[in-house]
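Given next are the chains, with one letter for each unit.
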Number of protein chains: 2
Amino acid sequence: MSVEDRKMKVLQAIVDDYVTTNEPVGSKSLIERHNFPVSSATLRNDMAELERMGLIEKPHTSAGRIPSDRGYREYVDSLMTVDQLSEAEREDISRRIDTTIFEARDLLKNASAALSETTGLVSLVMTPRLAGSSLLQLKILMIEPGKALVLMVLSAGVVKDKVVRIPNFLTPEQLKEISDSVEKSLNGKPLDEITLVTLATSVKETRIPDSLLNQVLYETYTAIKQADKLDVFLEGEHNMLKLPDFSELKRAQSLLGTLSHDGMVAGYVNEIEKEKTGGDDTYMIRIGQEIALEGLEDCSFITTTYKIGDTISGNIGVIGPKRMDYSKVISQIDFVRYKINEQIKNING
Amino acid sequence: MSVEDRKMKVLQAIVDDYVTTNEPVGSKSLIERHNFPVSSATLRNDMAELERMGLIEKPHTSAGRIPSDRGYREYVDSLMTVDQLSEAEREDISRRIDTTIFEARDLLKNASAALSETTGLVSLVMTPRLAGSSLLQLKILMIEPGKALVLMVLSAGVVKDKVVRIPNFLTPEQLKEISDSVEKSLNGKPLDEITLVTLATSVKETRIPDSLLNQVLYETYTAIKQADKLDVFLEGEHNMLKLPDFSELKRAQSLLGTLSHDGMVAGYVNEIEKEKTGGDDTYMIRIGQEIALEGLEDCSFITTTYKIGDTISGNIGVIGPKRMDYSKVISQIDFVRYKINEQIKNING
DNA sequence: TTTGGCACTCGAAGTACTCGAGTGCTAATA
DNA sequence: TATTAGCACTCGAGTACTTCGAGTGCCAAA
C-alpha cells in the first residue's frame, strides 16, 4: 500500500470513526480500532499531512482530528461505498409506507414521514415541478353564485384545483362557455407557456361581456399559475435535537428557525437541483459551508429525484448533520425513492 | 383591603412577576416592585399561607415562590384582566394576515403563521369540523380511464375533493349517471349520516352492472368520509427553543417530539373542546398537568372557536409555557380569530 | 395582625487543581 | 526515505472547594 493510499485510508477511517463516536479521532484510537500495519507515530505524520491538505482539522491543540468540509467531500466523492440495505431494513421502510394512498400529495407526505423515521433525520420531500407539464383538462365549475372551482388535469394524471371568486351574476351557462373555450385552446399546452394573453385570445369568440370575462380569466390564470407552486414536506425536525451535534441550544435554535421556513428550504433545494449535472438517479450532496442557509453550516443535504411519468419529477432527500452516515442514508433515500416511483406507477395504472 | 384580598393580590403579583422575569419571586422583590402597604414579613406570612393553599410553591428552600398549576388556574379564572390590544398591535397582526387568500385552508394556515409570529409561541389552528355539515353538491368527474375526481361542496361553500380509482372501462356517461343519482339522493344530507347503505340505495335505479357500481360507490364513500378529516396547523415550534423554560435539552426534545405528532395534538384539542361548556367565544385553557400529553407538563393550551357560517366551526389557539402572559395571548388570539371570521365572511359574500 | 430581627439554607458562580488523551518534534532505525 | 520510540507540552473536562446573597421561617414585641 502506497503512502498516498494509506493517507486516504486514514481519512476514511477518521470519517468513519468520527461519524459513529462524535469524538475527535486521535492517532492512538485509530490504531486500536482499525488494523493499520504501522505505528501511531506514522499515522500522526499522515494526519499532519492531511491537515496541511485541508481535509481534516483540530478543534483545539490537544484533541484529535475531525474531518473538514473538504474532508467530507473527498470521502463522499471518492472513498465511501454505498451498500445495499439489508432485507430487514427494507422491510422496515416498506412497512412504514402506506400503499393504500392514491393521491400523489398524500403519498409524498407519507413517504417523507417514513424517510425521517428510518433515518432519524429531517426528511425533505418536494412536490413535483409541474411548470413544464401540460394542461390536459381544464374545467371551471360553478359552486355557488360568485364562487367557482378551477379544476386542472395535468400530464401524468396530476390533478390540481383552486376555488376562485367570479362575478356574482355570471350564470352556469356562461361559465361553461368560458370554460369550454379556454380548455379547447389551452389543451396540451405546457403550464409555463400559458399567459393572460393566451387566455384572453382563447375566449375571443364568446359573447360574454368583457367586464365579466376579465375577472374569470384573471382568476383562472392565477389558478393555473398556482398549480405549479412547489410545496415541501419537512418531517422530523425534532430528530435534530437528539443529535449531540445540536446539543448547544443556540445551534438548535438557529437550525430549527431556518427549517421552519419551508419556502426557503424548498427554494434552495430547487436551486441546487438545477445545477445538477448527472442523471436523475444521481445524488446532490451539499456539505456544511457549501449550504447557503443560515444555521445549516453544520448540516448536509442529500437529495435526489423521483419521477411521475416520463417528464415530471420532484425531489426527495434528507437534511442531517455533516457528521452522518452518508452511505447508509443514501441507500435509505434510494429505497424510499424506489417505493415512491413504484407506487406512482401503480396509481397511474 | 382585607387579608384575603391581599393574599390574592400577592398571588397575582407573583404570577405577573414570574411571568416576566422567569425567576422565583421573593417577598423582598415583591415589595420593591409593587407597592404593598405592608412589610416583607407580612408578605412572607401571606406567601406561607398561599403555599399551604397549594397555589404557589418553592423550587427549593432558599428560593422565592413560583405559581403552582392551581395558582395559575386561580389567576386565569379570577385574577387576570384581559385588555384590548393597542392599535399598533392590531396593526401588526393585520399586516401579517394576507387578505387576498380565497381558500379556507390557505387562510387558516396563514392565520396560524401570523398567530405564532405575534405571540412568539406555537400556534394551533384546526380545520373546521365538517362532520355535521351537509353535502350540497357531489360530482364524480372522469379524469382519465380508471381515475376520477369526487368533488363535494358542503355547507357554507366549503369545497373538498379526492382523486379515486374507478374501473378502467367505466364510461364517462356511466359515471355521470352514477354521480347524478348519488348527488340527487344525498343532497342536503349531513356528512355523518351518510353510509355505504345510503349510497347503495341511491343508485338502485341505474342500469349499471353492480360489479362496476360497487367500486365507485366504495371510493365515493371513502372520499366523503375523508372530507371531514381534521387537519391541524402547528406553527412556530422553534419558538419554544427560545424560551428559558425549555433551555433544558431534554424538555425541549420531549416537547417537540410530541408536537411533531400533529394528529395527537389535534385529537387532544378536539377532545377538550367537546367538554367545553361556555359559548363559542369563550376560551378553553389547560394548564400544566391538566394536559394529558407527554412533554407538555410545563405548557398551557389556550384555544377558542372560529366560525364558518352558522354551523361550521374550528379551533384556533396557542401552546406556550405555563409561564406565559395569558392576558396578552388571549387578546392576540381573539384578534386573529376576529380577522379569520371577518375574512371568511368576506369570502362567502 | 403586623413588624423588625436573626439564624439558617442552598443554588449559582468563581477558583484552583488534577487527569489524560492527544500532539509535534527529535533522533535512532530499517 | 519512511518509520518508529520517546518525550515534553497542551488544554479541555471533570472535580472539589469556597464565597456570596437572595430568600426563608420563626419569635417576640408593637
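Only a predicted model underlies this, so the values are computations on that prediction, with no experimental measurement involved.

**Quick word on the environment of aspartate 180 of chain B**
All names here are of chain B.
Stage number 1. Looking at the element boundaries, aspartate 180 is found in helix 7 (residues 172-186).
Stage number 2. The class for aspartate 180 is partly exposed, based on a relative accessible area of 36%.
Stage number 3. When the C-alpha positions of aspartate 180 and tyrosine 268 are compared, they lie 39 Å apart, and in sequence the two are 88 residues distant.

**Looking at the interface of chain B and chain A**
Stage number 1. Between chain B and chain A, the contact holds 35 residues from the first and 35 residues from the second.
Stage number 2. Both sides together, the interface formed by chain B and chain A hides about 3,000 Å², and carbon and sulfur atoms give 61% of it.
Stage number 3. In this structure, the connection of chain B to chain A is made through zero salt bridges.
Stage number 4. Here chain B is connected to chain A by ten residue pairs in polar contact (both at pLDDT 80 or more).
Stage number 5. With six residues, the top contributor of residues to the side of chain B that touches chain A is strand 6 (residues 159-165) of chain B.
Stage number 6. Looking at the side of chain B that touches chain A residue by residue, the classes come out as 17 nonpolar, ten polar and eight charged.

**Section: the sheet that holds strand 5 (residues 147-154) of chain B**
All names here are of chain B.
Stage number 1. Spatial strand order, 4-5-6: three strands in an open sheet with antiparallel pairing. Each having just a single partner strand, strand 4 (135-144) and strand 6 make up the two edges of the open sheet. Taking the axes of each pair of neighbouring strands and ignoring which way they run, one obtains an average angle of 20° across the sheet.
Stage number 2. Strand direction decides the pairing type here: strand 5 and strand 6, joined by seven bridges, are antiparallel. Bridging across to strand 6, alanine 148 finds its partner in valine 164.
Stage number 3. Contacting strand 4 and strand 5, helix 7 crosses the sheet at an angle of about 170° to strand 4.

**Comments concerning the relation of the copies chain B and chain A**
Stage number 1. At an RMSD of 0.1 Å, chain B and chain A line up after a rotation of 180° and a shift of 0.0 Å along the axis. Read as a symmetry element, the transformation amounts to a two-fold axis. Within chain B, leucine 249 of chain B has its C-alpha nearest the rotation axis, a separation of 3.7 Å.
Stage number 2. In this assembly the copies share their binding face: 100% of the residues contributing to the interface of chain B also contribute to that of chain A.

**Overview of the packing of aromatic side chains**
Residue and element names in this part refer to chain B.
Stage number 1. The tally for this structure, following the rule as stated, stands at six aromatic pairs over all chains.
Stage number 2. Seen in terms of ring centroids, tyrosine 72 and tyrosine 326 are 6.0 Å apart; in terms of plane orientation they differ by 50°. Their pairing is tilted. On the criterion of sequence distance, the pair formed by tyrosine 72 in helix 4 (residues 69-79) and tyrosine 326 in helix 13 (residues 326-347) is long-range, its members being 254 residues apart. In terms of burial, tyrosine 72 and tyrosine 326 fall into one category: buried.
Stage number 3. When the ring of tyrosine 268 is compared with that of phenylalanine 301, the centres are 5.4 Å apart and the planes differ by 65°; the resulting orientation is edge-to-face. Separated by 33 residues along the polypeptide, tyrosine 268 in helix 12 (residues 262-275) and phenylalanine 301 in strand 9 (residues 299-308) bring together distant segments of the chain. For the pair shown, tyrosine 268 and phenylalanine 301 are each scored as buried.

**Re the protein's contact with DNA strand D**
Stage number 1. DNA strand D sits among 22 residues. The nearest are Arg6, Ser39, Thr42 and Ser62 of chain A together with Ser27 of chain B.
Stage number 2. For DNA strand D, a base oxygen lies 3.3 Å from a polar atom in the side chain of arginine 44 of chain A.
Stage number 3. One nitrogen or oxygen atom from the side chain of threonine 61 of chain A is found 3.1 Å from a phosphate oxygen belonging to DNA strand D.
Stage number 4. When residues of the surface near DNA strand D are traced back to their parent elements, those giving at least two are helix 3 (40-52) of chain A together with helix 2 (27-33) and helix 3 (40-52) of chain B.
Stage number 5. Considering each element in turn, the surface near DNA strand D owes the most residues, four residues, to helix 3 of chain A.
Stage number 6. Among the residues making up the surface near DNA strand D, the classes are represented as four nonpolar, twelve polar and six charged.

**Digging into the pattern of salt bridges**
Should their charged atoms come close, side chains of opposite charge can pair.
Stage number 1. Overall, the coordinates contain 54 salt bridges over all chains when judged by the stated rule.
Stage number 2. With its nearest N and O atoms 2.9 Å apart, the salt bridge here joins aspartate 17 of chain B to arginine 33 of chain B. A residue pair is termed long-range when its members are at least 10 positions apart, and aspartate 17 of chain B in helix 1 (residues 3-21) and arginine 33 of chain B in helix 2 qualify at 16 residues.
Stage number 3. Exposure remark for arginine 33 of chain B: the relative accessible area of 48% places this residue in the partly exposed category.
Stage number 4. The salt bridge partner of lysine 176 of chain B is aspartate 180 of chain B, with a shortest N-O separation of 2.9 Å. Placement of both lysine 176 of chain B and aspartate 180 of chain B in helix 7 is noted, with a separation of four residues, approximately one turn of the helix.
Stage number 5. Connected through salt bridges with shared partners, the residues Asp69, Glu248, Arg251, Asp298 and Lys322 of chain A form a single ionic network.

**Looking at the sheet that holds strand 4 (residues 135-144) of chain A**
Residues and elements named next belong to chain A.
Stage number 1. Spatial ordering of the open sheet is given by 4-5-6, a layout of three strands whose pairing is antiparallel. A strand with exactly one partner marks an edge of an open sheet, and here the two such strands are strand 4 and strand 6 (158-165). Here the average twist between neighbouring strands, direction ignored, is 20°.
Stage number 2. Relative to strand 5 (residues 147-154), strand 4 runs antiparallel, the two being bridged by eight bridges. Its bridge partner being in strand 5, methionine 142 is matched across the sheet by alanine 148.
Stage number 3. Helix-sheet contacts for helix 9 (residues 210-227) involve strand 4, strand 5 and strand 6, and the interaxial angle to strand 6 is about 145°.

**Observations concerning the protein's contact with DNA strand C**
Stage number 1. The local shell around DNA strand C holds 22 residues, among which Ser27 and Arg65 of chain A together with Ser39, Thr42 and Ser62 of chain B are the closest.
Stage number 2. The sugar-phosphate backbone supplies 78% of the atoms of DNA strand C found within 4 Å of the protein.
Stage number 3. A distance of 3.0 Å separates a phosphate oxygen of DNA strand C from a polar side-chain atom of serine 27 of chain A.
Stage number 4. Counting residues per element, the ones that place at least two in the surface near DNA strand C are helix 2 (27-33) and helix 3 of chain A together with helix 3 of chain B.
Stage number 5. The element contributing the most residues to the surface near DNA strand C is helix 3 of chain B, with four residues.

**Here we look at the environment of glutamate 32 of chain B**
Residue and element names in this part refer to chain B.
Stage number 1. Relative to the assigned elements, glutamate 32 resides in helix 2.
Stage number 2. Of the residues examined, glutamate 32 reaches a relative accessible area of 66% and is grouped as exposed.
Stage number 3. In sequence terms glutamate 32 and leucine 249 are 217 residues apart; their C-alpha atoms lie 34 Å from each other.

**What to know about the packing of helix 5 (residues 87-96) of chain A against helix 6 (residues 104-119) of chain A**
Between two packed helices, what matters for the description is the angle formed by their axes and the separation of those axes.
Residues and elements named next belong to chain A.
Stage number 1. Where helix 5 contacts helix 6, the axes come no closer than 9 Å and their chain directions differ by 145°. As helix 5 runs across helix 6, the sense of the crossing is right-handed. For the pair helix 5 and helix 6, contact is made by Asp92, Ile93 and Arg96 and by Asn110, Ala114, Glu117 and Thr118, respectively.
Stage number 2. Per-class residue counts for the contact of helix 5 with helix 6 are two nonpolar, two polar and three charged.

Reading the values: the criteria
Residues numbered from 1 in each chain as written. Chains lettered and ligands numbered in written order. Predicted model: local features only at pLDDT ≥ 70, side-chain atom pairs only at ≥ 80, totals over all residues. Heavy atoms only, no water. Helix = DSSP H or I, 4+ residues; strand = E, 2+ residues; numbered from the N terminus. Buried < 20%, exposed > 50% of the residue type's maximum accessible area, 1.4 Å probe, protein only. Contact = heavy atoms within 4.5 Å. Buried area = accessible area lost by both parts, 1.4 Å probe. Salt bridge = Lys/Arg side-chain N within 4 Å of Asp/Glu carboxyl O. Polar contact = N/O pair within 3.5 Å; in protein donor to acceptor, adjacent residues only side chain to side chain. Nonpolar A, V, L, I, M, F, W, Y, C, P; charged D, E, K, R; others polar. Pairing = 2+ DSSP bridges. Axes fitted to C-alpha atoms, helices over the stretch in contact; angles between N-to-C directions. Least-squares fit on C-alpha atoms with pLDDT ≥ 70 in both. Phe/Tyr/Trp six-rings, centres within 6.5 Å; stacked < 30°, edge-to-face > 60°. Near = heavy atom within 4 Å. Left-handed = near helix turned anticlockwise from the far one by under 90°.

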